[in-house]
Amino acid sequence: MNEVYYAADEYSQDLVERMEDNIKADRSELDLLFGCLVDWGVPLSLPYESRVIDGCTVHNYNDGELVACFSENVPESVVREMAKMQPIRAVFRDSSFADSPSKINVFEIFKYYSENTRVRVI
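Keep in mind it's a predicted model, so treat the numbers as computed, not measured.

**Q** Mind showing me how you'd approach the packing of aromatic side chains here?
**A** For any pair of aromatic rings, geometry is given as the distance between the ring centres together with the angle between the planes. As enumerated under the stated definition, the model contains four aromatic pairs in all. With centroids separated by 6.1 Å and ring planes inclined at 85°, the aromatic side chains of Phe34 and Tyr61 adopt a geometry described as edge-to-face. Taken together, the residues Phe34 in helix 2 (residues 29–40) and Tyr61 in strand 2 (residues 56–61) connect sequence positions 27 residues apart. Classification of Tyr61 as buried rests on a relative accessible area of 0%. On the basis of an interplanar angle of 85° and a centroid distance of 4.8 Å, the ring pair of Tyr112 and Tyr113 is categorised as edge-to-face. A relative accessible area of 67% means that Tyr112 is categorised as exposed. Overall, Tyr113 belongs to the partly exposed group, its relative accessible area being 26%. Three or more aromatic residues joined by ring pairs form one cluster here, namely Phe92, Phe97 and Phe110.

So, in structure tokens, the structure goes:
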């Protein structure tokens, strides 16, 4: 993640704009995935697969222990397919959504298809 801790006198308009994307530019999708696994304390030696759904790469770790999609502008069809997998955890990148209503809709889709899934947006 990008450094986001600044003193009040260090803030400026251009700093706020640069903080719009909180993930370092040189990080790959696998960097993000394994960072999430470490955050949740999931062992890193379990089976992993990925597949493309409607043009977006969906990562599936340990058969649904964690599913993730870090693509830009993730369509609702992809979110729905991920929710139908009924994973324990689901992760998306904040920039995966065009606006706040799209992000809120993700949580509603998971409530409908997989109410026990813990959804996180990084």
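**Q** Sorry, what's going on with the pairing of strand 1 (residues 48–53) here?
**A** For a regular strand, side chains alternate in direction, first toward one face of the sheet and then toward the other. Here six bridges tie strand 1 to strand 2, and the two strands are oriented antiparallel to one another. What sits directly across from Arg51, in strand 2, is Val58. Where strand 1 folds back onto strand 2 in an antiparallel hairpin, the turn is made up of two residues, including Asp54, whose phi is positive at roughly 45°.

**Q** Help me understand helix 2 in this model?
**A** Note on helix geometry: an α-helix contains 3.6 residues per turn, so any two residues three or four positions apart are oriented the same way. Spanning twelve residues, helix 2 covers 17 Å between terminal C-alpha atoms, matching the ideal 16 Å at 1.5 Å per step. The complete set of buried residues in helix 2 reads Leu32, Leu33, Cys36, Leu37 and Trp40. Looking straight down helix 2, one finds that the buried residues subtend no more than 135° of arc, so they occupy a single side. Facing away from the buried side of helix 2 by over 90 degrees, the exposed positions are Val38 and Asp39. Contact partners of the buried residues in helix 2: strand 1, strand 2, strand 3 (66–69), strand 4 (89–92) and strand 5 (118–121). Once helix 2 ends, the next one or two residues include Gly41, with phi positive near 75°.

Each value, and the rule that gives it
- Residues numbered from 1 in each chain as written.
- Predicted model: local features only at pLDDT ≥ 70, side-chain atom pairs only at ≥ 80, totals over all residues.
- Heavy atoms only, no water.
- Phe/Tyr/Trp six-rings, centres within 6.5 Å; stacked < 30°, edge-to-face > 60°.
- Helix = DSSP H or I, 4+ residues; strand = E, 2+ residues; numbered from the N terminus.
- Buried < 20%, exposed > 50% of the residue type's maximum accessible area, 1.4 Å probe, protein only.
- Pairing = 2+ DSSP bridges.
- Expected span 1.5 Å × (residues − 1).
- Arc of directions from axis to C-beta.
- Contact = heavy atoms within 4.5 Å.

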